[in-house]
Amino acid sequence: MEIVPYREEYEKDFIALNTAWVEKFFVMEPEDREILYHVKDFLQKGSMIFFAVEDQVVLATCMVIPSGNDTWEICKLAADERAQGRGAGSAVFQSCMEYAIAHGAKKLTLISNHILKPALHIYEKFGFYHVPVDRGDEYARCDVQCEYLVAQ
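First, a word on scope: everything that follows refers to the structure included in this document. Since the model is a prediction, treat every value here as computed from it, not as a measurement.

So, on to the environment of Thr71. The topology assignment puts Thr71 in strand E4 (residues 71-79). Remark: the alpha-carbon pair of Thr71 and Gly104, spanning 33 residues in sequence, is separated by 8.4 Å. Apart from the residues lying within four places of it in its own chain, the contact partners of Thr71 are Ile65, Pro66, Lys107 and Thr109.

Structure (structure tokens):
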């Protein structure tokens, strides 16, 4: 398995994996569509997407977005169900963390939902801690918010 930064050839996989994940548990919301269908706009503003790839097949993907004040958001973590448990999700998540930190992040944030136990495990494994939800207006499904403060 190889972790690679955004490549246009994998953009369709980013959209497909995230759409499948959202629709399995929830419904697509305007914020989902904004990110998934305007990838290049986000990339031009400093965002990055990472892919876990094996034999030209995308196993997992994750995105990191600068949100101002040295804060970055990690979002759109999704894995092919056939690849779950192989570390692909953790690997792309870690790549997003490293990218944001290398680009000046002092704080990383994310929002999620309590039913997504495997994702919550990844977040906690990498040192994210739960904080009160103050961004629940972005997604109806959001009931978990986590942060990570970068050591100085």
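Resuming the write-up.
Relative to the assigned elements, Glu2 resides in strand E1 (residues 2-5). With relative accessibility at 46%, the residue Glu2 sits in the partly exposed group. Along the sequence, Glu2 and Val92 sit 90 residues apart, while their C-alpha atoms lie 9.8 Å from each other. When sequence neighbours within four positions are dropped, the list of residues in contact with Glu2 reads Arg7, Phe51, Ala52 and Val53.

Sheets are built from strands paired through backbone hydrogen bonds, the pairs being either parallel or antiparallel. One open sheet holds the 7 strands; their spatial order is E1-E2-E3-E4-E5-E7-E6, and the pairing between them is mixed. The strands lining the two open edges of the sheet, one partner per strand, are E1 and strand E6 (129-131). In this sheet, adjacent strand axes meet at a mean angle of 30° when their direction is disregarded. Helix H1 (residues 11-25) contacts strand E2 (48-54), strand E3 (57-68) and E4 of the sheet and is inclined by roughly 90° relative to E3. Running over the sheet, helix H4 (residues 88-102) touches E1, E2, E3, E4, strand E5 (107-112) and strand E7 (144-149) and is turned about 30° from E3.

Let's shift gears to the side chain of Gln145. Residue placement: Gln145 occurs in strand E7. Look past the residues within four positions of Gln145 in its chain and what remains in contact with it is Leu110, Ile111, Tyr129, His130, Val131, Pro132, Val133, Asp134 and Arg135.

Procedures and definitions
- Residues numbered from 1 in each chain as written.
- Predicted model: local features only at pLDDT ≥ 70, side-chain atom pairs only at ≥ 80, totals over all residues.
- Heavy atoms only, no water.
- Helix = DSSP H or I, 4+ residues; strand = E, 2+ residues; numbered from the N terminus.
- Contact = heavy atoms within 4.5 Å.
- Buried < 20%, exposed > 50% of the residue type's maximum accessible area, 1.4 Å probe, protein only.
- Pairing = 2+ DSSP bridges.
- Axes fitted to C-alpha atoms, helices over the stretch in contact; angles between N-to-C directions.

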